[in-house]
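Next come the chains, spelled out residue by residue.
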Amino acid sequence: MKNSVLKGALGALAVAGIAIIAKKAISRKKFVKGIFEEYGIKERSPFGLADKIREMNEEQYQELKGKFKKEFASRCHSRFEKKENIVEA
């Protein structure tokens, strides 16, 4: 009895984890699609993005770089940095 309950709970947890990962993937895909539309990139591939980056001036490039850093930055890493700063103080 206990074993089947445990399997059910782990199964439900696995489904929830997959749903969270899928939600994150969908939001990142929307972000990249928005970047392509914002900068007028017709070729929907990394090569089209690279071609557009080559055409940009430094200011536009830094703006795009900041957007990608903000979207794809690891939230976990920033937590560790904050804790280390508290310990050092």
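So, how was this worked out
Residues numbered from 1 in each chain as written. Predicted model: local features only at pLDDT ≥ 70, side-chain atom pairs only at ≥ 80, totals over all residues. Heavy atoms only, no water. Helix = DSSP H or I, 4+ residues; strand = E, 2+ residues; numbered from the N terminus. Buried < 20%, exposed > 50% of the residue type's maximum accessible area, 1.4 Å probe, protein only. Contact = heavy atoms within 4.5 Å. pLDDT = per-residue confidence, 0-100. Lys, Arg positive; Asp, Glu negative; His and termini not counted. Salt bridge = Lys/Arg side-chain N within 4 Å of Asp/Glu carboxyl O. Patch = residues over 30% accessible without salt bridge, like charges linked within 9 Å, V, L, I, M, F, W, Y side chains within 5 Å. Areas by Shrake-Rupley, 256 points an atom, 1.4 Å probe, with all protein chains shown as cover.

Chemist: For the overall build of the protein, give the residues involved together with the corresponding values.
Modeler: Assigned secondary structure in the protein consists of 4 helices and 0 strands. The linear arrangement of helices and strands in the protein, starting from the amino end, is α-α-α-α. Buried residues in the protein amount to 12% of all 89 residues. Counting contacts in the protein only where the partners sit at least 6 residues apart, residues at least 24 apart contribute 47% of the total.

Chemist: How would you explain the confidence of the model for the protein if you had to name every residue and give the values?
Modeler: Per-chain confidence: the protein averages 81 in pLDDT, with 82% of residues scoring 70 or above. By mean pLDDT, the top-scoring element of the protein is helix α1 (residues 2–38) (89), and the lowest-scoring one is helix α4 (residues 75–88) (58).

Chemist: Before we move on, can you summarise the side chain of E71 with the specific residues and values?
Modeler: Tracing the sequence through the fold places E71 in helix α3 (residues 58–72). One buried charged residue, E71, remains without a salt bridge, the closest side chain of opposite sign being R28 at 4.6 Å. Those residues in contact with E71 that lie beyond four places of it in its chain are S27, R28 and F31.

Chemist: Describe a nonpolar patch on the surface, and please don't skip the residues or the numbers.
Modeler: On the surface, L6, L10 and L13 cluster together into a nonpolar patch covering about 320 Å² of accessible area. Secondary-structure assignment places L13 in helix α1.

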